[in-house]
There are 2 protein chains.
Amino acid sequence: MSKGFDELISKVGAKKKVSVAVAQDAPVLEAVKAAREKGIADAILVGDADKIREIAAEIHMDLSDYEVIDVKDVQEAAHTAVGLVHSGKADMYMKGLIDTKSFLKSVLDKEVGLRTGKPLSHVAVFELKGIDHLLFLSDVAFIPYPTLEDKIAIIEHTVQVARACGIACPKVAPLAAVEVVNPKMQATVDAAELTRLNQEGEIKNCIVDGPLSLDLAIDAEAAKHKAAEDRKIVGDADVLLFPDIHAGNLVYKALVHLTECKNGCLLTGTKAPVILTSRSDTFETKVNSIALAAIVAEELQKKSED
Amino acid sequence: MSKGFDELISKVGAKKKVSVAVAQDAPVLEAVKAAREKGIADAILVGDADKIREIAAEIHMDLSDYEVIDVKDVQEAAHTAVGLVHSGKADMYMKGLIDTKSFLKSVLDKEVGLRTGKPLSHVAVFELKGIDHLLFLSDVAFIPYPTLEDKIAIIEHTVQVARACGIACPKVAPLAAVEVVNPKMQATVDAAELTRLNQEGEIKNCIVDGPLSLDLAIDAEAAKHKAAEDRKIVGDADVLLFPDIHAGNLVYKALVHLTECKNGCLLTGTKAPVILTSRSDTFETKVNSIALAAIVAEELQKKSED
């Protein structure tokens, strides 16, 4: 079980390879360079080679360490970059200077993309002061109003990421404003149903216990105070499942902007990990996201070898 | 404009009077005692006088400083206590050892209660590290899925509290996961409508600008980064309006449990401020809530004198 990102980075085994779509983006290249220096991943840079060289010179990045594939057209560059992951030449796929919609189009490409038939979802991973393990939040950025079926997929994807990070049987808290089922609140009805499906073995490799309020999910003192003795999660949740994107995104941004934390994120539900950092992410967050992707790629490869 | 609760407490003018329903509750009496010592409010204690005396002895509270009204029956005690506020003998109403449902029944009593015809809503006030003014969050505890009409009432109530705290024209951010209108996300449609109603003068005494993501609402750097130049709120929101109770409550609990903060809360939409602290609130939060109520009571009384 990794307590934080430093430990997580140290656990990356053999260096992975990240394929970057439209790589002519200074912050992305800086993160890619750092990931290589930290032994996390090498990179294949697909995009406008002239511009990539220009930026590399500016940030003192030695391009002889990287494979550069010159594709000027943005959509074509993404197509090439995702194809490298599809064919196994790279282990993970990263967004560069391309809008999210076009990038996702490449992820979902029927021929060379990374679709699995599952809905794509997003996981944000946090190292927070006062919490002695990583927290996995989903979905804070991708699925607006997840159905029960979406929530099952989100749990499966997020549990896979948490397990790759060393948590053998993650505790999953489907969150709501309250900790009892209220038929007028779909979030609580879904939470109870997810708990039942987990008990019956339909949702595997984790313990689901909901609905839970956030204090019962992450604060052992609060959980004891409310005498929640029959619960399987008593302030020790690993995975926080949000009722919808508003709740998830607002909590995500409260953590990023109002707490001392480190974080990273991934797109999941794909054949290989996808790194979709945003312009407002810090350098550290981008590097953490590449590390997360490397850890998950390693796990996926172990599985396919089994 | 008060930067924090210490300053807020120092601004309470003439001591107010709080009427406590079913006062035989140690944590409530400790907060009431502290509020008196800080010059915030005297109290009338309505409830089981024997039990009140017993607790008072334990916490070294001199009952000669307080009016005690002996009413053993819980619902009757609440009826008596709220009646004291209704008739003007007390300025604000506080929950003691009575379940929330029965307490609210007394608040809404047609003869002696405090209803105004507006829906009740809840405001949580935060002093947060890194933010140089108080933040007013609503609704994080009371209205599950506010309609547009409810949201108008919530803004009016919360703006009234913010103004009482010295913010002449509060900036109100109707929050969502995104900052652009998406017809498939009701929160963003409502946010745009609330902004329009404010521009047309239907929602007064404040500036409404939504939809806003949380970073644009509270982080000036992030707001500048996203080049949101046409916005009226650029990281300087005073009031955070949540799309629903899940989003509100989860952010509220993230702040309480994961940040360095002080907070207090009030029930609003009533003729006089109502203090509805929860068992899990700290002593300090309870005292802050009484201070908030006193500040709002002062403002309401000024208005009725005008």
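A quick note: this is a predicted structure, and the numbers were derived from the prediction, not measured. (Residues numbered from 1 in each chain as written. Chains lettered and ligands numbered in written order. Predicted model: local features only at pLDDT ≥ 70, side-chain atom pairs only at ≥ 80, totals over all residues. Heavy atoms only, no water.)

S.K.: Explain the confidence of the model for chain A residue by residue, including any values.
M.R.: For chain A, the average pLDDT comes to 95, and 98% of its residues sit at 70 or higher. On the interface metric, ipTM, the complex scores 0.95, and its pTM is 0.96. (pLDDT = per-residue confidence, 0-100.)

S.K.: Please give an account of the environment of L300 of chain B that cites residues and values.
M.R.: Residues and elements named next belong to chain B. Within the secondary structure layout, L300 lies in helix α11 (residues 283-305). Between the C-alpha atom of L300 and that of A90, which follows or precedes it by 210 residues, the distance is 13 Å. Once you skip the residues sitting within four places of it in the chain, L300 turns out to touch Q160, K271, A272 and P273. (Helix = DSSP H or I, 4+ residues; strand = E, 2+ residues; numbered from the N terminus. Contact = heavy atoms within 4.5 Å.)

S.K.: Explain the packing of helix α4 (residues 74-86) of chain B against helix α5 (residues 100-107) of chain B to me, and be specific about the residues and the numbers.
M.R.: Residue and element names in this part refer to chain B. One way to put it is that α4 packs onto α5 with a least axis distance of 9 Å and a crossing angle of 40°. Regarding the angle of α4 to α5, the classification is oblique. When you trace α4 past α5, the crossing you get is right-handed. From α4, Q75, A78, H79 and V82 reach across to α5, where they touch S102, K105, S106 and V107. (Axes fitted to C-alpha atoms, helices over the stretch in contact; angles between N-to-C directions. Parallel < 35°, antiparallel > 145°, perpendicular 65-115°, else oblique. Left-handed = near helix turned anticlockwise from the far one by under 90°.)

S.K.: Would you mind going over the relation of the copies chain A and chain B in detail, with residue names and values included?
M.R.: Expressed as a screw transformation, the operator carrying chain A onto chain B has a rotation angle of 180° and an axial translation of 0.0 Å, and the superposed copies differ by an RMSD of 0.0 Å. Both copies are brought into coincidence by an operation consistent with a two-fold rotation axis. Of the C-alpha atoms belonging to chain A, the one lying closest to the rotation axis is found on A247 of chain A, 1.9 Å away. (Least-squares fit on C-alpha atoms with pLDDT ≥ 70 in both.)

S.K.: So what's going on with the interface of chain A and chain B? Residues and values would help.
M.R.: At the interface, 36 residues of chain A touch 36 residues of chain B. Buried surface at the junction of chain A and chain B, both sides included, amounts to about 2,800 Å², of which 73% is carbon and sulfur. Together, H246, L250 and L258 of chain A form the three largest contributors to the area buried by chain A at its contact with chain B, with a combined 24%. At the surface where chain A touches chain B, the tally comes to two salt bridges. The partner of K253 of chain B in a salt bridge is D215 of chain A, and the shortest N-O contact between them spans 3.6 Å. Here the side of chain A that touches chain B gets eleven residues from one element, more than from any other, and that element is helix α10 (residues 245-258) of chain A. Grouping the amino acids of the side of chain A that touches chain B by side-chain chemistry returns 21 nonpolar, eight polar and seven charged. (Buried area = accessible area lost by both parts, 1.4 Å probe. Salt bridge = Lys/Arg side-chain N within 4 Å of Asp/Glu carboxyl O. Nonpolar A, V, L, I, M, F, W, Y, C, P; charged D, E, K, R; others polar.)

S.K.: Help me get a handle on helix α6 (residues 148-164) of chain B, residues and values and all.
M.R.: Residue and element names in this part refer to chain B. The end-to-end C-alpha separation of α6 is 24 Å, in line with the 24 Å expected for 17 residues at 1.5 Å each. Here α6 has its buried residues at D150, K151, A153, I154, I155, H157, T158, V159, V161, A162 and A164. G166, located one to two residues past α6, shows a positive phi value of around 100°. (Expected span 1.5 Å × (residues − 1). Buried < 20%, exposed > 50% of the residue type's maximum accessible area, 1.4 Å probe, protein only.)

S.K.: Any details on the pattern of salt bridges? Residues and values, ideally.
M.R.: Residue and element names in this part refer to chain A. All told, the structure shown has 42 salt bridges over all chains when counted by the stated rule. Here D6 ties to K262 by a salt bridge, and the two come within 3.6 Å at their closest N and O atoms. Of this pair, D6 sits in helix α1 (residues 5-10) while K262 sits in strand β10 (residues 261-268), placing them 256 residues apart in sequence. What makes K262 partly exposed here is its relative accessible area of 22%. One salt bridge connects E260 with K129, and the closest N-O pair in it is separated by 3.6 Å. Here E260, found in the loop between α10 and β10, pairs with K129, found in the loop between β5 (121-128) and β6 (135-138); they are 131 residues apart in sequence, far enough to count as distant. The exposure classification of E260 matches that of K129, with both residues exposed. Bridged by salt links that share partners, the residues D48, D50, R53, D70 and K72 form one connected network.

S.K.: Describe the side chain of T195 of chain B, and please don't skip the residues or the numbers.
M.R.: All names here are of chain B. Note that T195 resides in helix α7 (residues 186-199). Here T195 falls in the buried class, since its relative accessible area comes to 9%. Looking at T195, its side chain comes within polar contact range of the main-chain oxygen of A191, at 2.7 Å. Here T195 is in contact with V208, D209 and G210, once residues within four sequence places are set aside. (Polar contact = N/O pair within 3.5 Å; in protein donor to acceptor, adjacent residues only side chain to side chain.)

S.K.: So what's going on with the environment of V32 of chain B? Residues and values would help.
M.R.: All names here are of chain B. Among the structural elements, V32 can be located in helix α2 (residues 26-37). According to the relative accessible area criterion, V32 is buried, its value standing at 1%. Once the C-alpha coordinates of V32 and K262 are considered, the two residues, 230 residues apart in sequence, prove to be 18 Å apart.

S.K.: I'd like a description of empty space enclosed by the protein, backed by residues and values.
M.R.: Residue and element names in this part refer to chain A. All told, the structure shown has four cavities of 30 Å³ or more when counted by the stated rule. Reported here for the largest cavity is a volume of approximately 70 Å³. Forming the walls of the largest cavity are Q160, V161, L266, L267, T268, G269, T270, A272, P273, V296 and L300. Secondary-structure elements contributing two or more residues to the lining of the largest cavity are α6 (148-164), β10 and α11 (283-305). The element best represented in the lining of the largest cavity is β10, accounting for three residues. Within the lining of the largest cavity, the residues separate by chemical class into seven nonpolar, four polar and no charged. (1 Å grid on protein atoms, 1.4 Å probe; cavity = no way out; pocket = protein on both sides within 12 Å on 5 of 7 lines; lining within 4 Å. Points joined across faces, edges and corners; volume = space filled by probe spheres on them.)

S.K.: Please give an account of unusual backbone geometry that cites residues and values.
M.R.: The omega torsion across S138 of chain A and D139 of chain A is -5°, close enough to zero to call that bond cis. Tracing the sequence through the fold places D139 of chain A in the loop between β6 and α6. In this model, G210 of chain B is joined to P211 of chain B through a cis peptide bond whose omega is 0°. Within the secondary structure, P211 of chain B is located in the loop between β8 (207-208) and α8 (214-218). Even without a glycine there, the phi angle at H60 of chain A is positive, about 55°. Looking at the element boundaries, H60 of chain A is found in the loop between α3 (49-58) and β3 (67-70).

S.K.: Describe the pairing of strand β1 (residues 16-21) of chain A, listing the residues and the values that go with them.
M.R.: Residues and elements named next belong to chain A. Judged by how many residues are buried, β1 sits mostly within the fold: five of six residues are covered. Sheet analysis places β1 next to strand β2 (residues 41-47), joined by six bridges and oriented parallel. Residue pairing for β2: A21 is matched across the bridge by V46. After leaving β1, the chain enters helix α2 (residues 26-37) and then returns to the sheet as β2, a path that is right-handed. Relative to strand β4 (residues 92-95), β1 runs parallel, the two sharing four bridges. Within the sheet, the bridge partner assigned to S19 lies in β4 and is Y93. (Pairing = 2+ DSSP bridges. Right-handed = clockwise from strand over helix to strand, strands pointing away.)

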